[in-house]
Amino acid sequence: MALADRKQSDTEARLATLTMPEGGCLAEARKAALSRVQTLGLPGRRDEYWKYTRPDTLTAAEAPTAAVFDAGEPPMFSEFDRIKIVFVDGVFDADASDEVALEGISIDRIADICAKDIHWAKDLYGVLEARGQTPVARPLAALNTAFAQDGVAIRVTGTPSKPVSLIYRHASEDSDAILHHVIRVESGATATILENGPAASRFNKCMEIDVADGGSLHLVRAQGRDHERRAATHLFARLGTESVFKSFTLTVNGVLTRNEAVIELTGDDAVAHIAGACVGDGDFHHDDTVFITHDAVNCESRQVFKKVLRNGATGVFQGKILVKEGAQKTDGYQISQSLLLDDDSQFLAKPELEIYADDVACSHGSTSGAIDEEGLFYLRSRGVPHAEATDLMTLAFLAEAVDEIEDADIAANVVDRLEGWLARRR
């Protein structure tokens with residue numbers, strides 16, 4: 001069978017397992033997304049941006065099973081006062097969720113919006129995902145737009161007094177969840193969104209974020225610790241004039257995780273920071289694929305990704321900064337680094353710059369190496385045991401990524417969890 005025929009056959013097999021929600025104000029966007037999937041086909045190993053990551057288990061008609069992992073510890077962010085929105089295997093759990101009665105924010109379920117003819121989310125649902133299909137096709141995101149059964153539409157109109165916490169719980173070993181969130185931050189508004197949990201055996205999540213002029217959004221994600229889970233997440237963000245978007249993602253465990261981010265800076269003086277830290281052990285494959293477009297004057301972007309890998313784990317980073325013509329005074333920074341704790345692990349990196357303006361300050365770098373033996377010797381010579389010294393060096397290595405978290409208390413919570421997880425791995 002020819003490669004194109006095989007790709008089409010695999011796409012049709014996956015589509016046959018899914019049911020598209022009908023009617024409502026999102027119907028047109030779903031149909032357009034389905035057309036994109038059918039035209040593009042689901043990703044294959046020969047696709048340029050999938051050459052480091054096998055997409056087979058993300059695109060298969062049936063989801064691989066994954067054992068439910070009991071961490072025996074409180075969930076991430078449980079120490080904070082927050083509005084909790086809970087999904088179990090991709091299904092909204094009203095009993096476990098909080099009532100949304102908070103000034104400056106409104107939250108609706110995507111499932112409820114599907115039954116309405118008019119809703120503000122109509123103007124955003126699928127729009128940024130569709131824009132993000134060029135110049136690189138992202139068919140798994142289009143699949144999500146077409147078939148997502150649930151998710152939330154969050155509109156921020158002021159400054160809520162507490163963060164919104166999206167909690168994903170995994171309860172069934174063969175769950176296959178698709179969630180789609182849309183977030184609109186109005187002019188001058190600001191909010192923090194927390195995400196945590198493994199969600200399902202296989203998870204496809206799409207988040208579209210539109211930050212208006214002067215708006216600010218901070219997103220902190222902690223992807224669940226289930227050992228056997230697989231996840232493909234997509235983040236599409238559009239930033240207006242003098243707006244701010246900052247994102248941090250922590251990943252520990254998981255057989256396969258692919259996090260894609262597509263960010264457009266369309267208004268002057270906008271700021272976008274996206275960072276990630278992962279700790280992988282054994283049968284662990286983690287892929288960060290990022291595309292940031294500067295299309296306005298005097299904008300700033302930062303990409304900071306750190307991966308700690310051992311026992312044959314694999315880390316991937318594909319990051320690009322595109323500076324369009326006229327986007328003068330761009331400040332673009334990109335760094336991807338891995339700490340390999342043995343000779344069996346590997347880090348695959350593809351950093352890119354594409355610049356069509358002449359008054360810019362852009363840099364990118366990627367390094368991979370073993371732990372600093374001099375630093376390790378210094379700690380050992382002062383009585384620190386080898387395993388504990390290694391953990392201290394690991395935390396120091398991850399610090400630049402964690403420092404991208406805006407809220408100091410949330411950053412401290414992330415570090416505390418990392419310290420505990422590393423200690424239990426000794």
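Residues numbered from 1 in each chain as written. Predicted model: local features only at pLDDT ≥ 70, side-chain atom pairs only at ≥ 80, totals over all residues. Heavy atoms only, no water.

Trainee: Go over the UniProt feature "domain: SUF system FeS cluster assembly SufBD core" (unreviewed entry) in the protein chain, please, and point to the residues and values.
Mentor: In the numbering adopted here, UniProt assigns the feature "domain: SUF system FeS cluster assembly SufBD core" (unreviewed entry) to residues 172-397. The span residues 172-397 shows a helical share of 9% and a strand share of 61%, and its end C-alpha atoms are spaced 36 Å apart. (UniProt positions renumbered as here; feature names shortened; annotations may be inferred. Helix = DSSP H or I, 4+ residues; strand = E, 2+ residues; numbered from the N terminus.)

Trainee: Could you give an account of the packing of helix α2 (residues 27-40) against helix α6 (residues 139-147), naming the residues involved and the relevant values?
Mentor: Where α2 contacts α6, the two axes come as close as 7 Å, and the packing angle between them is 145 degrees. Pair α2 / α6 crosses with left-handed handedness. Along its contact with α2, which presents A29, R30, A33, L34, R36, V37 and L40, the element α6 presents P139, A142, L143, T145, A146 and F147. Across the contact of α2 with α6, the residue classes break down as 10 nonpolar, 1 polar and 2 charged. (Axes fitted to C-alpha atoms, helices over the stretch in contact; angles between N-to-C directions. Left-handed = near helix turned anticlockwise from the far one by under 90°. Contact = heavy atoms within 4.5 Å. Nonpolar A, V, L, I, M, F, W, Y, C, P; charged D, E, K, R; others polar.)

Trainee: A description of the environment of A401 should follow, citing residues and the corresponding values.
Mentor: Summarising the element assignment, A401 is placed in helix α8 (residues 386-402). Classification of A401 by relative accessible area gives buried; the value is 0%. (Buried < 20%, exposed > 50% of the residue type's maximum accessible area, 1.4 Å probe, protein only.)

Trainee: Tell me about empty space enclosed by the protein, and name the residues and values.
Mentor: Unfilled space is identified by rolling a water-sized probe across the atoms. Under the definition given, this model contains 5 cavities of 30 Å³ or more. Here the largest cavity defines a volume of roughly 120 Å³. Considering the residues around the largest cavity, the lining is formed by 15 residues, among which Y168, G197, F203, Q223 and T233 are closest to the centre. Of all the secondary structure elements, the ones that give two or more residues to the lining of the largest cavity are β7 (190-197), β8 (202-211), β9 (216-223) and β10 (230-239). Taken together, the residues of the lining of the largest cavity break down into 6 nonpolar, 5 polar and 4 charged. Taken as a whole, the second largest cavity encloses approximately 70 Å³ of empty space. Along the wall of the second largest cavity there are 13 residues; nearest its centre are R221, N259, I274, D288 and F305. For the lining of the second largest cavity, the elements supplying multiple residues, two or more each, are β11 (244-252), β12 (256-265), β13 (271-281) and β14 (285-294). (1 Å grid on protein atoms, 1.4 Å probe; cavity = no way out; pocket = protein on both sides within 12 Å on 5 of 7 lines; lining within 4 Å. Points joined across faces, edges and corners; volume = space filled by probe spheres on them.)

Trainee: Can you lay out the side chain of R229 for me, pointing to particular residues and giving the numbers?
Mentor: Positionally, R229 belongs in the loop between β9 and β10. The side chain of R229 sits in the buried core without any salt bridge; D226 is the nearest counter-charge, 6.1 Å away. Among the polar contacts listed, one links the side chain of R229 to the backbone oxygen of G224, at a separation of 2.7 Å. Reaching out from R229, the side chain makes a polar contact with the backbone oxygen of N253 at a distance of 3.0 Å. (Lys, Arg positive; Asp, Glu negative; His and termini not counted. Salt bridge = Lys/Arg side-chain N within 4 Å of Asp/Glu carboxyl O. Polar contact = N/O pair within 3.5 Å; in protein donor to acceptor, adjacent residues only side chain to side chain.)

Trainee: How would you summarise α2 if you had to cite specific residues and measurements?
Mentor: An α-helix turns once every 3.6 residues. As a result, residues three or four positions apart point the same way. Across its 14 residues, α2 extends 20 Å between first and last C-alpha, which sits within 8% of the 20 Å expected from 1.5 Å per residue. Within α2, the full set of buried residues consists of A27, R30, A33, L34, R36 and V37. The first or second residue beyond α2 is G41, which carries a positive phi of 75 degrees. (Expected span 1.5 Å × (residues − 1).)

Trainee: Please set out the sheet that holds β11 residue by residue, giving values where relevant.
Mentor: The sheet built from 10 strands is open, its strands ordered β2-β1-β5-β7-β9-β11-β13-β15-β17-β19 with mixed pairing. Two strands close off the open sheet at either side, each with one partner strand: β2 (91-92) and β19 (360-369). One ladder, built from 10 bridges, connects strand β17 (residues 330-340) with β19; its direction is parallel. Bridged to I335 within β19 is G365. Packing of α8 onto the sheet brings it into contact with β11, β13, β15 (300-310) and β17, and relative to β15 it is tilted by some 155 degrees. Lying over the sheet, helix α9 (residues 408-425) contacts β7, β9, β11, β13 and β15, oriented at roughly 15 degrees with respect to β11. (Pairing = 2+ DSSP bridges.)

Trainee: Explain the state of the cysteines residue by residue, including any values.
Mentor: Inspection of the entire model under this criterion finds 0 disulfides. Summary of cysteine pairing: C362 is not part of a disulfide, and the nearest cysteine sulfur, belonging to C299, is at 11 Å. (Disulfide = S-S within 2.5 Å.)

Trainee: Tell me about the nonpolar core, and name the residues and values.
Mentor: Within soluble globular proteins, side chains that are nonpolar generally end up buried alongside one another. Counting 50 residues, the largest nonpolar core has I154, I209, L217, F245 and I263 as the members making the most contacts within it. Not counting the four nearest positions on each side in its chain, I209 is found in contact with L128, I183, L217, L235, F236, A237, R238 and F245. (Core = buried A, V, L, I, M, F, W, Y, C linked by side-chain atoms within 4.5 Å.)

Trainee: Account for the pattern of salt bridges, with residues named and values stated.
Mentor: Applying the stated criterion to the full structure yields 30 salt bridges. Among the ionic pairs, E73 bridges to R225, the shortest N-O distance being 2.8 Å. Taken together, the residues E73 in the loop between α3 (56-59) and β1 (83-88) and R225 in the loop between β9 and β10 connect sequence positions 152 residues apart. Classification of E73 by relative accessible area gives partly exposed; the value is 23%. For R225, a relative accessible area of 16% corresponds to the buried category.

Trainee: For the packing of aromatic side chains, give the residues involved together with the corresponding values.
Mentor: Across all of its chains, the model carries 4 aromatic pairs by this definition. Grouped by ring-pair contacts, the aromatic residues F87, F92, Y168 and F203 constitute a single cluster. We note K306 situated over the ring of F397; from NZ or CZ to the ring centre the distance is 4.7 Å. (Phe/Tyr/Trp six-rings, centres within 6.5 Å; stacked < 30°, edge-to-face > 60°. Lys NZ or Arg CZ within 6 Å of the ring centre and 35° of its normal.)

Trainee: Can you explain α8? Please cite residues and give values.
Mentor: Its 17 residues place the ends of α8 24 Å apart at the C-alpha level, agreeing with the 24 Å of an ideal helix rising 1.5 Å per residue. Of all the bends in α8, the greatest measures close to 25 degrees and is centred on A396. Among the residues of α8, those classed as buried are A389, T390, D391, M393, T394, L395, F397, L398, A401 and V402. Looking at the packing, one finds that the buried side of α8 touches β11, β13, β15, β17, α7 (373-381) and α9. (Bend = angle between axes of the 7 residues up to and from the residue.)

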